[in-house]
Amino acid sequence: HCSTSIFDSSLSADKPGAKLFIFSSSILAGYGCQDVEYLLSAAGFDTGVLNTVESAVSYLFSRASQLSNIGVCASRDIISSGVYGNVFRDVRNPYTDRHSEKYRPWAEAAEIVCLSPEMTGSAMDMVRKFFDSYMAAEYRTSLCGVIMDDLTECAKVDSLNMAADSIMRSPLPEMEVYKKLMAPGFRFLSPAESIVSDSYNWLRANDKFTHIVAWPSAEGYVTAVSSEVGPGNLDGNGMLSDEYKYNRAQESDIETFRVIPASQGCFTEEQMQRMKLLAPEIYNELIYVY
């Protein structure tokens, strides 16, 4: 159940349960995902938890056949968060364990390299710019793949892979330096692709598919500041002020947040445009006024 609005303290609205949580935020993949996994496990729920960063890194690492690095093309704030490095170490651990079925003797030397080159121009230009940036950072180990972190760029991945294949087939001498950086099976990867595959496999393995035949539908829910919190305790964005957030009395009986159905007013214009680009059908169900 959930509240119908920030004023509803009786949880009077029905809300479907979740089979699977998917963290699409790269930051939350490293800072939040494990907390949710722990809470669900402690509460005895068999709900799955997946995230795009671990999904993409695992996808490429598991398919590498020789010593090779993983490249990541991401914004500077994502790179500076350190999330990819942290997740990579966790993913690599079983491959460096001599007692593990996944053990690979070269895994300990593998690295993840996060770069933020200006990816403009044609697909060929973008491929070469990433490799140029990789070499400028003084890396020469071949790459098994490159993760395109921004989900809005998922439509470009096919073009990037076609350009990479073109480089591999090219007889031009200037392409040789790029060929050496592509390990067997090299590819550009959108986390959207790997997370869909992981979600399907998890639902199948845990017998979570329904036999009800129906068109897909979408319902959105958000956390919002409760009406019990006085306006003097909110900042300019309508969120809890730092003073209230960190200094309120322990064991306070004030419920600070409520889960409510999503509406157009819950999203910024930038968020709505991003949703419209990435998931137009969901956008139409949650946002669009017919």
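About the cut-offs
Residues numbered from 1 in each chain as written. Predicted model: local features only at pLDDT ≥ 70, side-chain atom pairs only at ≥ 80, totals over all residues. Heavy atoms only, no water. Helix = DSSP H or I, 4+ residues; strand = E, 2+ residues; numbered from the N terminus. Buried < 20%, exposed > 50% of the residue type's maximum accessible area, 1.4 Å probe, protein only. Contact = heavy atoms within 4.5 Å. Areas by Shrake-Rupley, 256 points an atom, 1.4 Å probe, with all protein chains shown as cover. Lys, Arg positive; Asp, Glu negative; His and termini not counted. Charge placed at Lys NZ, Arg CZ, Asp CG, Glu CD. Phe/Tyr/Trp six-rings, centres within 6.5 Å; stacked < 30°, edge-to-face > 60°. Expected span 1.5 Å × (residues − 1). Axes fitted to C-alpha atoms, helices over the stretch in contact; angles between N-to-C directions. Parallel < 35°, antiparallel > 145°, perpendicular 65-115°, else oblique. Left-handed = near helix turned anticlockwise from the far one by under 90°. Nonpolar A, V, L, I, M, F, W, Y, C, P; charged D, E, K, R; others polar.

## Focus: the overall build of the protein
Part 1: Secondary structure summary: the protein contains 12 helices and eight strands in total.
Part 2: The 290 residues of the protein split such that 37% are buried.
Part 3: Taking the intrachain contacts of the protein between residues at least 6 apart in sequence as the baseline, contacts between residues at least 24 apart amount to 73%.
Part 4: Counting every atom, the protein has about 17600 Å² of accessible surface; 52% of that belongs to carbon and sulfur.
Part 5: Averaging the locations of the 24 positively and 38 negatively charged side chains of the protein gives two centres separated by 8 Å.

## Observations concerning the packing of aromatic side chains
Part 1: What the rule picks out here adds up to nine aromatic pairs.
Part 2: Between F130 and F131, the aromatic rings sit 6.5 Å apart at their centres with planes inclined by 70 degrees, giving edge-to-face as the arrangement. For the pair shown, F130 and F131 are each scored as buried.
Part 3: Note on F131 and F186: the rings are 5.7 Å apart at their centroids and 45 degrees apart in plane angle, and the pair reads as tilted. Here the residue F131 occupies a position in helix α6 (residues 123-136), and F186 occupies one in strand β6 (residues 182-189), the gap between them amounting to 55 residues.

## Brief notes about the environment of V146
Part 1: Residue position: V146 is located in strand β5 (residues 143-148).
Part 2: V146 has contacts with L60, G71, V72, C73, F130, F186, R187, F188 and L189, leaving out every residue within four places of it along the chain.

## Some words on α6
Part 1: Helix length check: α6 (14 residues) gives 20 Å between terminal C-alpha atoms against 20 Å at 1.5 Å per residue, within 8%.
Part 2: For α6, the set of buried residues is A123, M126, V127, F130, F131, Y134 and M135.
Part 3: Close packing links the buried residues of α6 with β3 (69-73), β4 (112-115), β5, α7 (157-169), α8 (176-179) and β6.
Part 4: Looking at the residues trailing α6, positive phi occurs at E138, about 70 degrees.

## Topic: the environment of L50
Part 1: Relative to the helices and strands, L50 resides in strand β2 (residues 48-51).
Part 2: L50 gets classed as buried once you look at its relative accessible area, which sits at 16%.
Part 3: Considering only alpha carbons, one finds L50 and I22, 28 residues apart in sequence, at a separation of 4.9 Å.
Part 4: The residues contacting L50, other than those within four sequence positions of it, are L20, F21, I22, F23, I195, D198 and S199.

## Here we look at the packing of helix α3 (residues 52-63) against helix α5 (residues 83-96)
Part 1: Interaxial distance between α3 and α5 falls to 10 Å at its minimum, and their mutual angle equals 45 degrees. The angle between α3 and α5 falls in the class oblique. Handedness of the crossing formed by α3 with α5: right-handed. Packed against α3, whose contacting residues are V53, E54, V57, S58, F61 and S62, the element α5 presents Y84, V87, F88, V91, R92 and Y95 at the interface.
Part 2: Classifying every residue of the contact of α3 with α5 gives eight nonpolar, two polar and two charged.

## Things to note about unusual backbone geometry
Part 1: Its identity is not glycine, yet L11 carries a phi of approximately 50 degrees, on the positive side.
Part 2: You can see L11 is positioned in the segment before β1 (20-23).
Part 3: Even without being glycine, D207 reaches a positive phi, approximately 55 degrees.
Part 4: Mapping D207 onto the fold places it in the loop between α9 (191-205) and β7 (221-225).
Part 5: The exposed category is assigned to D207, whose relative accessible area is 67%.

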